[in-house]
Number of protein chains: 2
Amino acid sequence: MKNYEQLINYFEVQLAKIEYNNQPVELYSPIKYTLSFGGKRIRPVTTLMSCELFCDDFKRALPQAIAIELFHNFTLIHDDIMDNAPIRRGKETVFKKWDSNIAILSGDTLFALAYQYAQQADKEILHETLSVFNKTAIEVCEGQQFDLNYETNNNVSVDEYINMIKLKTGVLFGASMKIGALIGGALTEDANLIYNFGVNIGLGFQLKDDLLDTFGNEGIFGKKTGGDIVSNKKTFLYVKAMELADNDGKEKLFSLYNSENIEPDDKIKQTKELFLKYNVDKAANAEIDKYFDVGILCLDKINIPKDKKKYLLDVAVKMIDRNK
Amino acid sequence: MKNYEQLINYFEVQLAKIEYNNQPVELYSPIKYTLSFGGKRIRPVTTLMSCELFCDDFKRALPQAIAIELFHNFTLIHDDIMDNAPIRRGKETVFKKWDSNIAILSGDTLFALAYQYAQQADKEILHETLSVFNKTAIEVCEGQQFDLNYETNNNVSVDEYINMIKLKTGVLFGASMKIGALIGGALTEDANLIYNFGVNIGLGFQLKDDLLDTFGNEGIFGKKTGGDIVSNKKTFLYVKAMELADNDGKEKLFSLYNSENIEPDDKIKQTKELFLKYNVDKAANAEIDKYFDVGILCLDKINIPKDKKKYLLDVAVKMIDRNK
């Protein structure tokens, strides 16, 4: 069995080997640029790992791992246009470095390229893996649309928020693992268990993101905290605070998120005080633990010897129990 | 065998039966809106027709016909953002009626939905039909990027222009027919012949578009001619004129396309005079005839009795020999 380090090293080498058309450069340069950013590559690594859980050859799932990573990067390119985000992983985003037309079209091309890899599976299993891939692609789009909607919706419930991050983030982790497992020969029941493991760990991962962005230790986190607050992002912390606060607290939080004249540092300070007053940091940690536990329960139930699951468990811990 | 009218009626009924998710409405309303515009539906009709050429059941290719039409409409939604086009088929475009974020994301969703239909093929043929679909999707993106590039490139050759419209328009016609044929059981050689038939007819179709936009009879064409000239579109007429004109003619045409102070009607009049001076209307007609003839030769070579090909021939004639 291979661990995370071994698989990410293997994957990076394979990803770098992809040969793209040369022309038009306006399409392929942004694609190569985006894929060269690196990143944690958690999704494709778990595809390979999930495959190896059910067969002795993780390389069999390489095309699917590439498909997942290309798809993920396509969503980043388009999301950055929609979110008007200038920086991603410390680099200029595609739409900033080039323009939004090039970002739309190179994203579309990357989506189509993802399918070129997604279709590389044995004919006995292709329809099933593609069904997972397609369903997930649609759900990720739905999640992004809900996220956009929530920017201007002042009554987002905790349930709605959880459903949104499940679609936007959770299901792709689930699909990464389920597709890998199916390629490895998993039976339906085990494939569904690993899917639910992935979705739940993905939910925990996103909630941890919310928590770190506001309450992370800047020295370890590596960037300034409070970005979500400054950009009025309705994170778990915000929607939970709105649920728990009394009328006075609700009004304060609402006015902090709707005031244009407040200094960013002051806004962060006041918002964090409110979050702490209503213990939403603790609520977030409890929620993360809940999804982690549900996910691990699914992993446990998979009909494979426990020691073989060690590296997937390591990934789950790495995703949840982190400071950056 | 079914003719165009019968197949478009069947297809419209089936397309209208598609059930979409209800939420988020911001994604699915633009999709339903776009698909309700109607249009000629040439691509999906030729998918059904090409299937019936090789088997007795055109309905077998319905999912693929839907996939092709959804994909085509996805490209229209994204192209309209990039071209800043307010109107399509007499209606407001998605990005105008909603906004560009919704247009990006509903387009992405439509692309993913297209794949949900594209994957509905017998497992013995699925990999092959998907390969055609994916390759075509990538080429259409490349064609659109070349088209965007040519807006600011003053040295587009006729060959480059033909290659661009082949990618942007031709290959999707080819793929529509090839996928239908493969679903119908066509052998590789026949599938490739019908692909080349489609590509060539598609090229003729686009060149006819160029011609009608400038030289169409407004009463029959149904809209004002000269739109391409006013928007400085580098059509076949323009690139051919630039190839044939002497230095004086080249300078005049260049300055007409780069002047911001000229009245639209005057610009159209002067440009058309230059086009006629260099006989590019005749050159366009000769080019259309050339592609039509090459296409028909491919259709002829397909190893099927001639009378069965009648309706595909009708479509080719309808695409090329039209006044609107």
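What about the overall build of chain A?
Counting secondary structure elements, chain A contains 16 helices and 2 strands. For 324 residues, the compact-globule estimate of 2.2 N^0.38 gives 20 Å, and the C-alpha radius of gyration of chain A, at 20 Å, lies within 12% of that figure. In terms of its C-alpha atoms, chain A occupies a principal-axis envelope of roughly 60 × 50 × 35 Å. Buried residues in chain A amount to 48% of all 324 residues.

Examining the packing of helix 6 (residues 100-118) of chain A against helix 4 (residues 62-82) of chain B
In the contact formed by helix 6 of chain A and helix 4 of chain B, the axes pass within 9 Å of each other and the chain directions differ by 160°. Judged on the interaxial angle alone, helix 4 of chain B and helix 6 of chain A are roughly antiparallel. Relative to helix 4 of chain B, the crossing made by helix 6 of chain A is left-handed. Taken together, the residues of helix 4 of chain B that come into contact with helix 6 of chain A (itself represented by A:N101, A:I104, A:L105 and A:D108) are B:H78, B:I81 and B:M82. A class-by-class count of the residues in the contact of helix 6 of chain A with helix 4 of chain B yields 4 nonpolar, 2 polar and 1 charged.

Things to note about the nonpolar core
Core analysis: the biggest nonpolar cluster contains 188 residues, and A:A114 and B:A114 have the highest contact counts within it. Residues in contact with B:A114, not counting those within four places in the same chain, are B:A67, B:L70, B:F71 and B:F74.

Notes on the interface of chain A and chain B
Taken together, the 33 residues of chain A in the interface contact 33 residues of chain B. At the level of elements, helix 2 (25-35), helix 4 (62-82), helix 6 and helix 7 (123-151) of chain A are the ones that each hand at least two residues to the side of chain A that touches chain B. Per-element accounting of the side of chain A that touches chain B gives the leading share, 16 residues, to helix 7 of chain A.

A short note on the relation of the copies chain A and chain B
Least-squares fitting of chain A to chain B yields an RMSD of 0.0 Å, with the transformation described by 0.0 Å of translation along the axis and a rotation of 180°. When the rotation and shift are considered jointly, the pair of chain copies conforms to a two-fold rotation axis. Judged by C-alpha distance, A:K123 is the residue of chain A that lies nearest the rotation axis, at 2.9 Å. In this assembly the copies share their binding face: 100% of the residues contributing to the interface of chain A also contribute to that of chain B.

Description of helix 2 of chain A
Turning to helix 2 of chain A, its buried residues number three or more, namely A:L27, A:P30, A:I31 and A:T34. Mapping the buried residues of helix 2 of chain A onto a view down its axis gives an arc of 100°, with all of them on the same face. Packing partners of the buried residues in helix 2 of chain A comprise helix 4, helix 5 (94-97) and helix 6 of chain A together with helix 7 (123-151) of chain B.

Rules used throughout
Residues numbered from 1 in each chain as written. Chains lettered and ligands numbered in written order. Predicted model: local features only at pLDDT ≥ 70, side-chain atom pairs only at ≥ 80, totals over all residues. Helix = DSSP H or I, 4+ residues; strand = E, 2+ residues; numbered from the N terminus. Rg over C-alpha atoms; globule rule 2.2 N^0.38 Å. Buried ≥ 20, exposed ≤ 12 C-beta atoms within 10 Å, placed from the backbone. Axes fitted to C-alpha atoms, helices over the stretch in contact; angles between N-to-C directions. Parallel < 35°, antiparallel > 145°, perpendicular 65-115°, else oblique. Left-handed = near helix turned anticlockwise from the far one by under 90°. Contact = placed C-beta atoms within 7 Å. Nonpolar A, V, L, I, M, F, W, Y, C, P; charged D, E, K, R; others polar. Core = buried A, V, L, I, M, F, W, Y, C linked by C-beta atoms within 7 Å. Least-squares fit on C-alpha atoms with pLDDT ≥ 70 in both. Arc of directions from axis to C-beta.

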